[in-house]
Amino acid sequence: MAYEKKVNELNLKDTELCLGLPGRTEEIKEEQEVSCVKSNNKRQFEETRDEEESTPPTKTQIVGWPPVRSYRKNNSVSYVKVSMDGAPYLRKIDLKTYKNYPELLKALENMFKFTVGEYSEREGYKGSGFVPTYEDKDGDWMLVGDVPWDMFSSSCKRLRIMKGSDAPTLDASL
Amino acid sequence: MNYFPEEVIEHVFNFIASHRDRNSISLVCKSWHKIERFCRKKVFIGNCYAINPERLIRRFPCLKSLTLKGKPHFADFNLVPYEWGGFVHPWIEALSSSHVGLEELRLKRMVVTDESLDLLSRSFPNFKSLVLVSCEGFTTDGLASIASNCRHLRELDLQENEIDDHRGQWLNCFPDSCTTLTSLNFACLKGETNVAALERLVARSPNLKTLKLNRAVPLDALARLMSCAPQLVDLGVGSYENEPDPESFRKLMAAIQKCSSLRSLSGFLEAAPLCLPAFYPVCQNLISLNLSYAAEIRGNHLIKLIQLCKRLQRLWILDSIGDKGLVVVAATCKELQELRVFPSDLHGEEDNNNAAVTEVGLVAISAGCPKLHSILYFCKQMTNAALITVAKNCPNFIRFRLCILEPHKPDHITSQSLDEGFGAIVQACKGLRRLSVSGLLNDQVFLYIGMYAEELEMLSIAFAGETDKGMLYVLNGCKKLRKLEIRDSPFGNAALLADVHKYETMRSLWMSSCEVTLGGCKRLAQNSPRLNVEIINESESNRMERNEEDERDKVDKLYLYRTVVGTRKDAPPYVRIL
């Protein structure tokens, strides 16, 4: 039985906003599924999956697996892929080398030659048309900056800098 | 009954250190029990809820050293919710008010607060040694109390704890008169370190043998520290990210060359591999090397380093070493006794991690290292043939922990289950005390374990087995079993209830995501006054439906343990003790 991960394609469909419960409700019923506590404050860019699709958990989505001390998990090097809409190739960075959001954003700005705009909790990033987002452990696409740094750095699996008109704002569909 | 005066017997007892032997002695007769309890200095308590501090102190009034373990082992993997328990404070309070002359406290998986540390530091004038492993709940303020108040502190050893780093000046709190340190390990601290204070402290600690630094100590500081502590035996290097300038590198090399006593190296938390050559001169003396946090050290740099470590007895490494690297280890480290290979890809970046290790590496090690007795091996695949070969090569395993990263994965060549492979291990390794199994496994493997693993004390099972028979084979067969922990396996009430008295011969049983039901647990608890049966159910709906509970509901997490002090009073609401 192979556990395949389906979440890797960056589909524009993934960024459609819809009203729906955060998290993948149908998978919570399966015994071996992730049972992380969902924060109610998540600002999301992706809807939950269709009911029909049942993606088996990858080895990294089972709680407490692999059986490695959480201290070790939190302190291991974690390179995450960074993509920028329109850029020809991706980059990789180690989140552990940054201590906070300003450091990370500055590094991203340098890497991809852009500026990220002003962050506000209410409106996200305004002013530049670039929106830094990340995929978290649950497979949801989130806005960078909402949660405390430590929480972000341990749950971030990849980064995507959305550009210009491709970056939807929350107001659009509400 | 005694042919010798008590003082003579006591003198003889003082040569017996192992707590198990001490426990045996105290069972011989009343007289020996009495003599033994008054001269017992070190007490080991494997489950802090099996006994309470008052009874401990009553029995062993002269105790000087206490070891306590709190949460169950699976708490390490986030399976036990925060606030489940394991609070050390009541113990420190009781010891403090009873005037026990505590000198050493060793805690594992316990909740420790700054308040506890402060009370500890003020209550025991001769306090010498604090060792905290996988604990949480305290900050550097607590460390400041220890530093300030423990005048005779020798050892402060913090291993893999979650410590809130207030970036204070705890290192400054060691008074100038403190010169007795032999061991200082603060590798797990995340914040800035007052390097100047650290240097002064090291300079005035001539007996310092163990020094393990955190990330924040840079390269040039390391060189200065080593210069004033050439007597170091055990060094944990902090980090140095950038390539060193030639002058810094030269100074580091000079300092290291003076450390002729260095036997153990660890850390390299963020290390530019180009600094490694500075350590080459000490490699030939190393008996222990822990590079399991050194993700940057790989490939040729790693191989070169290992090839110099001919006397290595203990090696902790990441799986990025690959099978090829393990072949080098097998060829070089003929004295190797313990090997741990940790997974480097913990965040699921690579679906096909080419650098991970396989059965090839394991077989090579078993063939090349005749003294190997302990192994922890995370790998992406395994075969029965490999395990059978390993069993033949290494019949001396005491600890064998194999974790195949993908649950239920079969023998990747034959597609069969791995029952025969693990069976070979337990059959050959007659002294096996600890075993962790993984991969695709039926009930057969447990039949083998029950039949052959006569010395087995701890067994970890995940995603394995077919029916209750599996668990029954183990419970019926392994006479020396002390800890059994099971997750995501189809064992249910029939297995749980078959022999309730067995659990009183064990320290604990953990079962999560299995088939046991509330009804089964209740029946178990009914006739077992000397067992605490805890049901851990975190979900909201379960709490609300307590009034209409269904005995057929499966229990999320079951943790039961023997105890002589009944139900504990400090459990959170989501823990139900039957």
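Remember, predicted model here, so these are calculated numbers, not experimental data.

Conventions adopted
- Residues numbered from 1 in each chain as written.
- Chains lettered and ligands numbered in written order.
- Predicted model: local features only at pLDDT ≥ 70, side-chain atom pairs only at ≥ 80, totals over all residues.
- Heavy atoms only, no water.
- Axes fitted to C-alpha atoms, helices over the stretch in contact; angles between N-to-C directions.
- Helix = DSSP H or I, 4+ residues; strand = E, 2+ residues; numbered from the N terminus.
- Parallel < 35°, antiparallel > 145°, perpendicular 65-115°, else oblique.
- Left-handed = near helix turned anticlockwise from the far one by under 90°.
- Contact = heavy atoms within 4.5 Å.
- Nonpolar A, V, L, I, M, F, W, Y, C, P; charged D, E, K, R; others polar.
- Pairing = 2+ DSSP bridges.
- Buried < 20%, exposed > 50% of the residue type's maximum accessible area, 1.4 Å probe, protein only.

## As for the packing of helix 5 (residues 89–97) of chain B against helix 6 (residues 114–123) of chain B
All names here are of chain B. Packing of helix 5 against helix 6 brings their axes to within 9 Å, and their N-to-C directions diverge by 20 degrees. Considering the angle they form, helix 5 stands roughly parallel to helix 6. Taken as a pair, helix 5 and helix 6 cross one another with a handedness that is left-handed. Across from His89, Ile92, Glu93 and Ser96 in helix 5, the residues of helix 6 making contact are Glu115, Ser116, Leu119, Leu120 and Ser123. A breakdown of the residues in the contact of helix 5 with helix 6 according to their chemical character gives three nonpolar, four polar and two charged.

## Looking at the sheet that holds strand 7 (residues 156–163) of chain A
Residue and element names in this part refer to chain A. If you trace the five strands from one edge of the open sheet to the other, you get 2-1-7-5-6, paired in mixed fashion. Pairing within the sheet leaves two strands with one partner each, and these edge strands are strand 2 (91–94) and strand 6 (141–143). Strand after strand, the sheet turns through a mean of 30 degrees between neighbouring axes, direction not considered. By the bridge criterion, four bridges tie strand 1 (residues 79–84) to strand 2 in an arrangement that is antiparallel. Its bridge partner being in strand 2, Val82 is matched across the sheet by Arg91. Sitting on the sheet, helix 3 (residues 101–112) touches strand 1, strand 2, strand 5 (130–136) and strand 7, and the angle it makes with strand 2 is about 155 degrees.

## Notes on unusual backbone geometry
What is expected of a backbone is that most residues other than glycine have negative phi and most peptide bonds are trans. Note the cis peptide between Trp65 of chain A and Pro66 of chain A, where omega equals -5 degrees. Turning to its location among the elements, Pro66 of chain A is positioned in the loop between helix 1 (25–28) and helix 2 (70–74). In this structure, Glu160 of chain B takes a positive phi of about 55 degrees despite not being glycine. Taking the relative accessible area as the measure of exposure, Glu160 of chain B reaches 17% and is therefore buried. Here Ser415 of chain B, not a glycine, exhibits a phi torsion of approximately 60 degrees, which is positive.

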